[in-house]
Amino acid sequence: MTPTAPDTEAPTRTPAQRRAASRPRSGARRGTGIWRGAVLALTGAYFLVPLLASFVFTVHVPGQGITFEAYTELLSADGFTESLLLSLGLAAATIALSLLLAVPALVAVRIGSPRLRPVVEIMCMLPLVVPPIALVTGITTVLRWGPEHLSRTPLYQTFLAVQNEKFPVVLVLAYTVLALPFVYRSLDAGLRAVDVPTLVEAARSCGASWPYVVLRVLLPNLRASIAGAAFLTLALVLGEFTIASLLGFQPFAVWIVSISGAQARMSVAVSVLSLLITWLLLLALSRAGTAPSTAAAAPATTSRKES
């Protein structure tokens, strides 16, 4: 038997034909797009329909038609501006203190002592185990014990200063503890995605100081994770009620509950307006974390031109 010659006349596919063959069919793409649109529509309706119904309830008065009296009265209500500014100030201070504590600690553990990472993780996750009611009970006990036993020492004025109603520092300390698990998770994910030892070694070999390494090398690479940590901390502070209420302070969440029993339409208007303010702030933080860095692109362009 003579061996058969290979079929040299069989057509061979070009790369463009192979890519076209590997693409999904238009029918499959159309079906996937329909299901995706249906899921997005149901999800949007789930969130937006209750908000729309609440908004209609606040602006539609039977027998009077459309009126915005609930919102105009809300903006001029006693304590609205003060409580909102207090919550925003507490959120800014909590974000700054949390990042100031977490970023250096996690960078130091990542560079110098990787074996301490489980210990730091457990310490940062403890607030998830301790209920807020137990935390506020401990804070109240300390605040009562301090003036009784330290009335003749300089620390007495410190205990009074941290409880100032205009800006209660004790709430910043408590909120920082509550925010540590979220800040740790966000920063740890960012540090895992960046080769921190290589970046630090390269910057130090070029003569950069440690403050320069942290501020100009590491922080730009951690901007998305820092924005995520600030995002979660802001949402936590603006919505926290238990600790502030039990300690006798009145940030925005406590003020909303106190005003809700007075007028039904105003209480719903407060809830709608608070959601809108929170979404706008969170959207601003999200855009700040995903915006391209022009400062980091300039040195890269310069180095390419020099090479």
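Engineer: What is the right way to read the pattern of salt bridges from this model?
Structural biologist: In a structure, side chains of opposite charge can pair up when their charged atoms sit close to one another. What the rule picks out here adds up to four salt bridges. One salt bridge in this structure joins Glu121 and Arg117, with 3.7 Å as the shortest N-O distance. Of the two residues, Glu121 and Arg117 are both situated in helix α5 (residues 117–129); the distance of four residues between them amounts to about one turn of the helix. Looking at Arg117, the relative accessible area reads 22%, which means it is partly exposed. A salt bridge links Arg117 to Asp188; the shortest N-O distance between them is 3.0 Å. One end of the pair, Arg117, is in helix α5; the other, Asp188, is in helix α8 (residues 169–192), and 71 residues separate them in sequence.

Engineer: Honestly, the nonpolar core in this entry has me stumped. Any pointers?
Structural biologist: The nonpolar side chains of a soluble globular protein tend to be buried with one another. By size, the foremost hydrophobic cluster in this structure holds 52 residues, and its most contacted members are Leu99, Leu171, Leu187 and Leu247. Looking at this core, the elements that each hand over two or more residues are α4 (80–111), α5, α6 (132–149), α8, α9 (196–205), α10 (210–221), α11 (223–239) and α12 (242–247). With near-sequence residues (within four places) excluded, Leu171 lies in contact with Leu90, Ile243, Ala244, Leu247 and Phe249. Listed in part, the 16 residues of the second largest apolar core include Ala70, Trp255, Ile256 and Ile259.

Engineer: Please explain a nonpolar patch on the surface as it appears in this structure.
Structural biologist: The grouping of Ile122, Leu126, Leu128, Val129, Val130, Phe182 and Leu232 at the surface amounts to a nonpolar patch, some 640 Å² of accessible area in total. For the nonpolar patch, the leading source of residues is α5, giving four residues. Tracing the sequence through the fold places Val130 in the loop between α5 and α6.

Engineer: Would you mind going over the packing of aromatic side chains with me for this structure?
Structural biologist: Given two aromatic rings, one states the distance between the centres and the angle between the planes to describe the pair. Using the criterion set out here, one finds four aromatic pairs in the structure. Ring centres of Phe80 and Phe252 lie 5.9 Å apart, and the angle between their planes is 70°; on these two criteria the pair is classed as edge-to-face. Here Phe80 is found in helix α4, whereas its partner Phe252 is found in helix α13 (residues 252–260), with 172 residues between them in sequence. Both residues of the pair, Phe80 and Phe252, belong to the buried class. Here the aromatic rings of Phe252 and Trp255 are separated by 6.1 Å at their centres, their planes lie at 10°, and the arrangement is stacked.

Engineer: Sorry, what's going on with the packing of α8 against α11 here?
Structural biologist: Axis angle and axis distance: for two packed helices, these are the angle between their axes and the distance between the axes, and together they describe the pair. Across the interface, α8 lies against α11 with an axial gap of 8 Å and an inter-helix angle of 155°. By the criterion of interaxial angle, the relationship of α8 to α11 is roughly antiparallel. The two elements α8 and α11 cross, and the hand of that crossing is right-handed. On α11, the residues touching Tyr175, Leu178, Ala179, Phe182, Val183, Ser186, Leu187 and Gly190 of α8 are Ser225, Ile226, Gly228, Ala229, Leu232, Thr233, Leu236 and Val237. Here the residues of the contact of α8 with α11 are counted per class, giving eleven nonpolar, five polar and no charged.

Engineer: Teacher, can you tell me more about the side chain of Asp188 here?
Structural biologist: Its relative accessible area of 9% is what places Asp188 among the buried residues. Setting aside anything within four residues of it in sequence, one finds Asp188 in contact with Leu106 and Arg117.

Engineer: Just checking my understanding: could you explain the confidence of the model for the protein for this structure?
Structural biologist: If pLDDT is low for a region, its predicted coordinates should not be looked at in detail. On average, residues of the protein score 79 in pLDDT, and 82% of them reach the 70 mark or higher. Least confident of the elements in the protein is helix α15 (residues 294–306), whose mean pLDDT is 40; most confident is α8, at 91. Here residues 294–307 scores under 50 on pLDDT; set against residues more than four positions off or in separate chains, the count is zero contacts.

Thresholds, definitions, all that
Residues numbered from 1 in each chain as written. Predicted model: local features only at pLDDT ≥ 70, side-chain atom pairs only at ≥ 80, totals over all residues. Heavy atoms only, no water. Salt bridge = Lys/Arg side-chain N within 4 Å of Asp/Glu carboxyl O. Helix = DSSP H or I, 4+ residues; strand = E, 2+ residues; numbered from the N terminus. Buried < 20%, exposed > 50% of the residue type's maximum accessible area, 1.4 Å probe, protein only. Core = buried A, V, L, I, M, F, W, Y, C linked by side-chain atoms within 4.5 Å. Contact = heavy atoms within 4.5 Å. Patch = residues over 30% accessible without salt bridge, like charges linked within 9 Å, V, L, I, M, F, W, Y side chains within 5 Å. Areas by Shrake-Rupley, 256 points an atom, 1.4 Å probe, with all protein chains shown as cover. Phe/Tyr/Trp six-rings, centres within 6.5 Å; stacked < 30°, edge-to-face > 60°. Axes fitted to C-alpha atoms, helices over the stretch in contact; angles between N-to-C directions. Parallel < 35°, antiparallel > 145°, perpendicular 65-115°, else oblique. Left-handed = near helix turned anticlockwise from the far one by under 90°. Nonpolar A, V, L, I, M, F, W, Y, C, P; charged D, E, K, R; others polar. pLDDT = per-residue confidence, 0-100.

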